[in-house]
Amino acid sequence: MPRFAANLSMMYTEYDFLDRFAAASQDGFEAVEYLFPYGYEPAELRRRLDEHGLRQVLFNAPPGDWESGERGIASLPGREGELRSGVERALEYAAALGCGQVHVMAGLLPPEATPEQRAGHRETYLSNLAWAAERAAAMDVDLLIEPINGRDMPGYFLHRQAEAHALVQEVGASNLKVQLDLYHCQIVEGDLTTTLRRDLPTGRVGHLQIAGVPDRHEPDRGELDVRHLFAVVDELGFDGWIGCEYIPRAGTSEGLGWFENYRRIENDRGEHA
């Protein structure tokens, strides 16, 4: 049975960030994810998790200067020292929060990048991922990389699932995995059922995320048949989490009909098993 984590960076924005934990728990979520924890003390975040019976399942390593438009630095030559200190900080938070996964963002390519420059970014990325995966392994943490569509994030280094899997295989670290966001994947390449059936059995996918396409609202709005997709995930025995990384159209709780229906179906299935 797929397990869902509320993304507190996008959901429950009706509340102050620290109050979103209670709201997610009240609506039946058992886990949370969000972009960055670094504006809060680890002890305060851990207290919110424990108080509301939640698990922290994912957050991002420091991405560089987010406010000025940076979207990760792992593929940026010359930023290796900053990347390493950021990964160390992320691992400290992961240990404090009991979080077993950290997403390391690749960064943006300059629009005029030549093939040679792109190759240099790739080599930097591989080197940084190898170092970071080794450090994370010592803490029993998985590192994730995520292909992101160019409509929402123009210039992002990593777009396609095959590219991500090739990088993971090239690094060769068992704790380096792919974060498969079905929203981004649908926009870039589609064919989600085939992608799930091809990639989940490899063991290289550590985390899934979902949102409606094309507007990134509730997953049951738009062109995706999420009941079908969740059934495929179930059929394949994926034991990770599905992050609900979407922007509610109105109030978060009011848009959770899809979640409540799914839980009811699964509860009925369990009672009749």
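Here the structure is a predicted model, which means the values were calculated and not measured.

Novice: Got a sec to walk through the environment of R249? Specific residues and values, please.
Specialist: Structurally, R249 can be placed in the loop between strand 8 (241-244) and helix 9 (257-271). Once the C-alpha coordinates of R249 and R160 are considered, the two residues, 89 residues apart in sequence, prove to be 28 Å apart. Excluding residues within four positions of it along the chain, R249 makes contact with H217, E218 and R221.

Novice: With reference to specific residues and values, describe the pattern of salt bridges.
Specialist: The final tally for this structure, using the stated rule, is 16 salt bridges. Two residues, R135 and E88, come together in a salt bridge whose shortest N-O distance is 2.8 Å. Taken together, the residues span a long stretch of sequence, with R135 in helix 4 (residues 115-138) and E88 in helix 3 (residues 80-97) at a distance of 47 residues. Of the charged contacts, one joins E245 and R216 as a salt bridge, the two residues approaching to 3.0 Å between their closest N and O atoms. You can see E245 sitting in the loop between strand 8 and helix 9 and its partner R216 sitting in the loop between strand 7 (205-210) and helix 8 (226-235), a full 29 residues away along the chain. What makes R216 buried here is its relative accessible area of 11%. Three or more residues are tied together by salt bridges with common partners; here these are D19, E44, R47, R48 and E51.

Novice: Could you give an account of the pairing of strand 8, with specific residues and numbers?
Specialist: One face of the sheet, then the other: side chains in a regular strand alternate in exactly this way. Side-chain alternation along strand 8 places W241 and G243 on one buried face and I242 and C244 on a second face that is also buried. Two elements, strand 1 (residues 3-7) and strand 8, share four bridges in a ladder whose sense is parallel. Counted as the bridge partner of F4 is I242 from strand 8. In the sheet, strand 7 pairs with strand 8 via three bridges, with the strands oriented parallel. Looking at strand 8, one finds that Q209 is bridged to G243. On the question of chirality, the crossover connecting strand 7 to the parallel strand 8 by way of helix 8 is right-handed.

Novice: Any details on helix 8? Residues and values, ideally.
Specialist: Restricting attention to buried positions, one finds in helix 8 the residues V226, L229, F230, V232, V233 and D234. G237 lies just past helix 8 and shows a positive phi near 70°.

Novice: Please set out helix 4 residue by residue, giving values where relevant.
Specialist: Its 24 residues give helix 4 an end-to-end C-alpha distance of 35 Å, which sits within 8% of 34 Å, the value for a rise of 1.5 Å per residue. Within helix 4 the residues assigned to the buried category are H121, T124, Y125, L126, N128, L129, W131, A132, A133 and A136. Considering only its buried residues, helix 4 is in contact with helix 3, strand 5 (142-145), helix 5 (161-171) and strand 6 (176-181).

Cut-offs applied
Residues numbered from 1 in each chain as written. Predicted model: local features only at pLDDT ≥ 70, side-chain atom pairs only at ≥ 80, totals over all residues. Heavy atoms only, no water. Helix = DSSP H or I, 4+ residues; strand = E, 2+ residues; numbered from the N terminus. Contact = heavy atoms within 4.5 Å. Salt bridge = Lys/Arg side-chain N within 4 Å of Asp/Glu carboxyl O. Buried < 20%, exposed > 50% of the residue type's maximum accessible area, 1.4 Å probe, protein only. Pairing = 2+ DSSP bridges. Right-handed = clockwise from strand over helix to strand, strands pointing away. Expected span 1.5 Å × (residues − 1).

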